[in-house]
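What follows is each chain in one-letter form.
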Amino acid sequence: MTTLLIRFGRIMGYTKAREFNVETAKKLLLVSLFYNANVAFALASLKGVNIPMYIAIKRLTPLAVLIAGFFYGKGRPTTQVTLSVLLTAAGVLIAALGDFSFDLFGYGMAFTSVFFQTMYLVLVEKSGAEDGLSSVEIMFYNSVLSIPFLLFLIIATGEFPNSISILFAKPEFLLLLSLVMGIVLNYTMFLCTIVNSALTTTIVGVLKGVGSTTLGFVLLGGVEVHALNVTGLVINTAGGVWYSFAKYQQKKNKLPKVMSDVETRSK
């Protein structure tokens with residue numbers, strides 16, 4: 001649906017996304033591979049991990065992105081950024097200690113998902129910076145390249161054709177709502193990664209996860225509300241807020257320098 005929507009938008013002139021290019025597709029093949037692996041392992045982990053604890057584990061992604069960025073040459077982050085990410089990760093670990101329904105398989109799948117999410121976000125950031133691709137173009141290539149991966153998965157796992165009958169047994173508006181939310185989520189996620197950074201995207205995800213975790217506790221159950229859960233969530237949120245403040249301060253400090261450079265060039 002994403003592929004068709006973007007193609008229709010290009011034909012109608014609503015988007016300036018360029019035509020499909022084989023060389024660009026080859027460069028983004030790993031992005032799509034890691035993206036689909038993240039989705040597959042994340043869904044597999046939910047068989048053994050409840051929603052609140054799944055979200056808590058996924059909040060280790062900022063730390064993984066920070067480490068990955070250091071190794072692929074992005075440079076050393078500021079002390080405040082590093083400490084805020086470490087605080088976020090510490091909150092995750094504390095919250096996990098309150099999960100007495102520990103499932104080794106579920107946790108293993110969730111940690112693997114964190115690895116794949118880290119890799120594809122770092123590659124998306126790199127593609128936007130080096131290849132000049134927009135978020136819509138990355139979405140288009142990711143959608144096209146995902147089709148063979150997903151076809152292989154649903155056939156290999158035996159979900160096809162039973163999944164089709166189950167899908168259409170559900171109310172149509174749920175399918176439509178899922179499609180719309182999925183497309184909007186991917187677009188905003190890729191856009192945030194390109195405009196800001198992979199690390200910023202994961203930190204925003206941490207703050208978003210506060211609402212998801214709360215709803216998970218209240219609506220879905222499956223985990224006992226414990227003092228460690230609440231403490232971990234508070235620490236986790238504090239780390240996300242601290243990171244946002246640190247990045248704001250960075251941009252605020254850079255702005256006078258940029259304005260000074262512009263004025264110097266104009267003279």
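What counts, and at which threshold
- Residues numbered from 1 in each chain as written.
- Predicted model: local features only at pLDDT ≥ 70, side-chain atom pairs only at ≥ 80, totals over all residues.
- Heavy atoms only, no water.
- UniProt positions renumbered as here; feature names shortened; annotations may be inferred.
- Helix = DSSP H or I, 4+ residues; strand = E, 2+ residues; numbered from the N terminus.
- Expected span 1.5 Å × (residues − 1).
- Bend = angle between axes of the 7 residues up to and from the residue.
- Buried < 20%, exposed > 50% of the residue type's maximum accessible area, 1.4 Å probe, protein only.
- Contact = heavy atoms within 4.5 Å.
- Phe/Tyr/Trp six-rings, centres within 6.5 Å; stacked < 30°, edge-to-face > 60°.
- Salt bridge = Lys/Arg side-chain N within 4 Å of Asp/Glu carboxyl O.

In the annotation of an unreviewed UniProt entry, the chain is listed under the name Sugar phosphate transporter domain-containing protein and assigned to Rehmannia glutinosa. Listed under Subcellular location (unreviewed entry) in UniProt, the entry text for the chain is "Membrane".

### Re helix α8 (residues 135-156)
An ideal rise of 1.5 Å per residue puts 32 Å on 22 residues; α8 measures up with 31 Å between its terminal C-alpha atoms. Along α8, the largest kink reaches about 35° and is centred on S146; proline P148 follows within four residues of it. For α8, every residue scored as buried is listed here: S135, V136, E137, I138, M139, F140, Y141, N142, S143, L145 and S146. G158 sits one or two positions beyond α8 and adopts a positive phi of about 80°.

### Section: the side chain of S135
In this fold, S135 is placed in helix α8. In contact with S135, not counting residues within four places along its chain, are Y187, F190, L191 and I194.

### Remarks on the packing of aromatic side chains
Aromatic ring pairs: the centre-centre distance and the angle between the two ring planes describe each pair. What the rule picks out here adds up to nine aromatic pairs. Ring centres of F140 and Y141 lie 5.9 Å apart, and the angle between their planes is 75°; this geometry places the pair in the edge-to-face category. Residue F140 is classed as buried on the basis of its relative accessible area, which comes to 5%. Judged by relative accessible area, which is 4%, Y141 ranks as buried. An aromatic cluster of three or more residues is present, and its members are F34, F41, F115 and F116.

### Some remarks on the pattern of salt bridges
Inspection of every chain in the model, using the stated rule, returns four salt bridges. Residue R7 pairs with E19 through a salt bridge whose shortest N-O separation is 3.7 Å. Here the residue R7 occupies a position in helix α1 (residues 2-12), and E19 occupies one in the loop between α1 and α2 (22-27), the gap between them amounting to twelve residues. Taking the relative accessible area as the measure of exposure, R7 reaches 40% and is therefore partly exposed. The partner of R10 in a salt bridge is E19, with the nearest N and O atoms 3.6 Å apart. On the basis of relative accessible area, R10 is assigned to the buried category, the value being 13%. Linked by salt bridges that have partners in common, R7, R10 and E19 make up one network.

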